[in-house]
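Inside the fold
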Amino acid sequence: MEKSMKYIIYTLGCKVNQYETQAIETLLNEHGHTAASEGESADAVIVTPGAVTAEAGRKSRQAINRLREENPGAVVAVSGCYSQLSPDTAEKLGADVVFGSGDRVKLVEAIENAALTGTHKKMLDKPFERRMFEKLPAGAVAGHTRALLKIQDGCVNFCTYCIIPYTRGRVRSLPVEQAAKQARELDEKGYRELVVTGIEVASYGVDLKGKPDLADVIVAIAEAAPHMRLRMGSIEPSIITEDFCRRIAETGSVCRHFHLSLQSGCDATLKAMNRKYDTARFFEATELLRKYFPGCGLTADLIVGFPGETEEHQHETLEFLEKVAFSDVHVFPYSRRPGTPADKMPNQIDRAEKARRSKQARAVAEKTRRAYLESAVGTVLPVLFETKEDGLWQGHSDTYLLVRAEGEELRGQIRNVEITGVSGDTLVGKTV
């Protein structure tokens, strides 16, 4: 289009959403458009909402309403899992352009056309008919020091609480050589950390010739990008074997932090969720990670108040949280999602009880998190510094703890920091 636009992009949800957001941003910039400054009215507002839970849907609706009010006259575009699932709702909220979870190139073209001609556009496909991995530019959201690389899309696990398979379709993977090429380009641009992500990265490669696995692509990325440390997105415990841990540890690039998809610490609940492991297999995975990555941070997602979950099941989960001793746990009360099997299950638990159980789980999570923070005092951690606040630089350690320290210009640098104390949820130290 002839006239350049000022745009605002608002993202909710997972790291895949963040990756797709930066890809849209890159595409817009390549077309000559620029991000609106703070307080500046935008010509286009792009919202990429999350849709895993009903709560995510509620927040997405609030965001769309607020941004439309703040930017009167702007073209409003909604894309991603939320609009794939609820396109009519997105339209009713005033979206001019509604796309699903595919084809960001055409999304950008539709936004430009709507801004130029006022033409509204709704474009959705059928996720399970997708066969090709969508090629998008890897990179970082403006101002960020770590880059994102999506290597996989889709999921066919069909957990009973989850809508994502219906919005993303079957598994599609970025070929190993293409993943390595994109990583090399990001390394050459000066990024120091790369987050390797996907919808369900444990299934990486099942659709590719030769069936390369997640370890294969991680090793290739590490070789192609020797100046970057690698941080892995959420992984399933089923893929964590002795061979997997040995191979990724040997790269010397993989951060000592792993986010595991737990969901419950009770075997009966895991079975009702249609998860592909039990607590014994999950615990085995954590022990392997700690063997090959001593001192690693282990974080997890947990759903409490799942239909049919008893008080005894809750107690088993709390005991399991203590046993694993996570460095952090994201606790979510079960959220009903129409279209999933769990939504139709009997013995749904009321909101007050789910809130009570969430509080219990968060208390245990805070206890183990506090212990992990304290265990870092006296150690030396490599920290990627990102921002400066109140005179101190802050960034994340390889174990994904927030660290603050004094120093000159540290942005974008990885420096060793001797940890001297804990302040709230942050470690403090001095560069060495």
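In this report, the structure presented in the accompanying data block is examined.

Parameters at a glance
Just so you know, the residues in each chain are numbered from 1, in the order the chain's sequence is written. It should be noted that, the model being predicted, local features are given only for residues of pLDDT at least 70 and side-chain atom pairs only at 80 or more, the latter also being counted only at that level, while totals for whole chains, interfaces and linings use all residues. With hydrogens and water excluded, all non-hydrogen atoms of the structure serve as input to the side-chain values. For two strands to pair, DSSP has to find at least two bridges joining them. Strands are runs of DSSP state E lasting at least two residues, helices are runs of H or I lasting at least four, and both sets are numbered from the N terminus onward. Between N-to-C directions, angles span 0 to 180 degrees; the directions come from axes that are lines fitted to C-alpha atoms, helices contributing only their stretch in contact. The set of buried Ala, Val, Leu, Ile, Met, Phe, Trp, Tyr and Cys residues whose side-chain atoms join them within 4.5 Å is what this entry labels a nonpolar core. Only protein chains enter the accessibility calculation, which uses a 1.4 Å probe; a residue whose area is less than 20% of its type maximum is buried, one above 50% is exposed, and one in between is partly exposed. Given the number of residues in a helix, its expected span is that number minus one, multiplied by 1.5 Å. This arc corresponds to the set of directions leading from the helix axis out to the C-beta atoms.

Sheet architecture is closed into a barrel: five strands sit in the order 14-15-16-18-17, paired in mixed fashion. Across the sheet, the mean angle separating the axes of adjacent strands is 50° when strand polarity is ignored. Relative to strand 18 (residues 426-431), strand 17 (residues 414-423) is paired through six bridges, and the arrangement is antiparallel. Opposite Gly 421, over in strand 18, you have Val 428 as the bridge partner.

We now examine the nonpolar core. Judged by nonpolar contacts, the single largest core of 60 residues is most densely connected at Ile 151, Leu 194, Leu 214, Ile 221, Ile 240 and Phe 258. Looking at this core, the element that brings in the most residues is helix 8 (residues 214-224), giving eight residues. In this structure, Met 5, Ile 24, Val 75 and Ala 110 belong to the second largest nonpolar core, which totals 17 residues.

Attention shifts here to helix 7 (residues 176-188). A rise of 1.5 Å per residue sets the reference length of helix 7, with its 13 residues, at 18 Å; its end C-alpha atoms lie 18 Å apart and thus fit the reference within 8%. Listing the buried residues of helix 7 in full gives Val 176, Ala 179, Ala 180, Gln 182, Ala 183, Leu 186 and Asp 187. Summarising the axial view, the buried residues of helix 7 lie within an arc of 165°, below the 170-degree limit, and thus occupy one face. In helix 7, the exposed positions that point more than 90 degrees away from the buried face belong to Glu 177 and Glu 188. Looking at the residues trailing helix 7, positive phi occurs at Gly 190, about 100°.

Right, let's talk about the sheet that holds strand 9 (residues 193-198) for a bit. Read from one edge to the other, the open sheet built from four strands follows the order 8-7-9-10, with strand pairing classed as mixed. Each having just a single partner strand, strand 8 (172-173) and strand 10 (229-232) make up the two edges of the open sheet. In this structure, strand 7 (residues 146-153) lies alongside strand 9, joined through six bridges in parallel fashion. Its bridge partner being in strand 9, Lys 150 is matched across the sheet by Thr 197.

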